[in-house]
Amino acid sequence: MTNRTEQILGLSPRQALAIMQYMTAYLAERRVDDQNFDPNQQIEVLNAAFKEADYPPLLTPTVEASEQEAGQAAQQFLILLAESGDDKLLAELDGWLTDPPEAAIAAIPLVLAVPIVLTGCIVALQTRVVIERTESGTWSIYIEKRSLEGKALAEIVGGLFNVIKVLPGK
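Anyway, here's the lowdown on the structure attached to this text. From a predicted model like this one, the values you see are computed outputs, not experimental measurements.

So, on to the nonpolar core. Core analysis: the largest hydrophobic core is formed by 49 residues, its most contacted members being Leu46, Phe77, Leu78, Val117, Leu160 and Ile164. Elements with a minimum of two residues in this core: helix 2 (13–28), helix 3 (39–52), helix 4 (67–82), helix 5 (87–98), helix 6 (110–126) and helix 7 (153–165). If we skip the residues at most four places from it in the chain, Val117 touches Leu17, Met20, Ala70, Ala73, Val163, Ile164 and Leu167.

Below, the structure written as structure tokens:
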């Protein structure tokens, strides 16, 4: 296990979710496809990406997660980022792991836990691909540029699949 992975697994669920939000903002600056999706569209896009990479659809509109479960998904997301060969991304992540945010006293409401995870996954995907809705109502996903260095689309989607797999009720 790498030092980064150990640091990530040592985070509290709230810290992991907070760092995921910070890293999502960092990735948002680098995305190719600057679209914002509502939660149902996020689910549709991620399921379309899974299908494109030969994974089964994993999400339903009713997916919910506790803070603990969403925190575990956030840890998996951060581990995916830690496996990147992107020096700038790793420097940003290392900064947060060196000085993690203080865990808030208030619990993260269930209505926010899953959207934090879905938004992070969508933004990570958008750093690599363009996502468009076709006239038939399906999602078209195609590679625009390399990002998350050293990762093929199937590896990125496989990593996102493992992030989402942690959530219950899929």
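And the narrative resumes.
Let's shift gears to the side chain of Asn47. Relative to the assigned elements, Asn47 resides in helix 3. Beyond its immediate chain neighbours, meaning those up to four positions away, Asn47 contacts Pro57, Leu58 and Leu59.

Let us look at the packing of aromatic side chains. According to the stated counting rule, one finds three aromatic pairs in the structure shown. A centroid spacing of 3.9 Å and a plane angle of 5° characterise the contact between Tyr22 and Trp96, whose relative ring orientation is stacked. In this pair, Tyr22 sits in helix 2 while Trp96 sits in helix 5, placing the two residues 74 residues apart along the sequence. Its relative accessible area of 38% is what places Tyr22 among the partly exposed residues. Feature note: the residues Phe50, Tyr55 and Phe161 constitute an aromatic cluster, connected by ring pairs.

Closest axis-to-axis distance for the helix 2/helix 5 pair is 11 Å, and the angle between their directions is 155°. For the element pair helix 2 / helix 5, the angle class is roughly antiparallel. When you trace helix 2 past helix 5, the crossing you get is right-handed. Contacts from Ile19, Tyr22, Met23, Tyr26 and Leu27 of helix 2 reach helix 5 at Lys88, Leu89, Glu92, Leu93, Trp96 and Leu97.

An ideal rise of 1.5 Å per residue puts 22 Å on 16 residues; helix 4 measures up with 22 Å between its terminal C-alpha atoms. Counted residue by residue, helix 4 has 12 buried out of 16 residues, so it is predominantly covered. Taken residue by residue, helix 4 has Glu67, Ala70, Gly71, Ala73, Ala74, Gln75, Phe77, Leu78, Ile79, Leu80, Leu81 and Ala82 as its buried positions.

Bringing the environment of Gln41 into the picture now. Its location among the elements puts Gln41 in helix 3. The spatial distance from the C-alpha of Gln41 to the C-alpha of Pro61 is 9.4 Å, given a sequence separation of 20 residues.

On to the packing of helix 4 against helix 5, then. Where helix 4 contacts helix 5, the axes come no closer than 9 Å and their chain directions differ by 140°. By the angle class used here, helix 4 and helix 5 are oblique. Along its contact with helix 4, which presents Leu78, Leu81 and Ala82, the element helix 5 presents Leu89, Leu90 and Leu93. Across the contact of helix 4 with helix 5, the residue classes tally to six nonpolar, no polar and no charged.

Next up on the list: the pattern of salt bridges. Close approach of charged atoms allows side chains of opposite charge to pair. Taken as a whole, this structure holds two salt bridges when the rule is applied. Taking the shortest distance from any N to any O, the salt bridge between Arg4 and Asp94 comes out at 2.7 Å. Of this pair, Arg4 sits in helix 1 (residues 3–9) while Asp94 is found in helix 5, placing the two residues 90 residues apart along the sequence. Note that Glu67 is salt-bridged to Arg14, the shortest N-O span being 2.8 Å. Taken together, the residues Glu67 in helix 4 and Arg14 in helix 2 connect sequence positions 53 residues apart. Judged by relative accessible area, Glu67 falls into the buried class, the value being 17%.

Conventions we followed
- Residues numbered from 1 in each chain as written.
- Predicted model: local features only at pLDDT ≥ 70, side-chain atom pairs only at ≥ 80, totals over all residues.
- Heavy atoms only, no water.
- Core = buried A, V, L, I, M, F, W, Y, C linked by side-chain atoms within 4.5 Å.
- Buried < 20%, exposed > 50% of the residue type's maximum accessible area, 1.4 Å probe, protein only.
- Helix = DSSP H or I, 4+ residues; strand = E, 2+ residues; numbered from the N terminus.
- Contact = heavy atoms within 4.5 Å.
- Phe/Tyr/Trp six-rings, centres within 6.5 Å; stacked < 30°, edge-to-face > 60°.
- Axes fitted to C-alpha atoms, helices over the stretch in contact; angles between N-to-C directions.
- Parallel < 35°, antiparallel > 145°, perpendicular 65-115°, else oblique.
- Left-handed = near helix turned anticlockwise from the far one by under 90°.
- Expected span 1.5 Å × (residues − 1).
- Nonpolar A, V, L, I, M, F, W, Y, C, P; charged D, E, K, R; others polar.
- Salt bridge = Lys/Arg side-chain N within 4 Å of Asp/Glu carboxyl O.

By themselves, these are just geometric observations and shouldn't be taken as functional.
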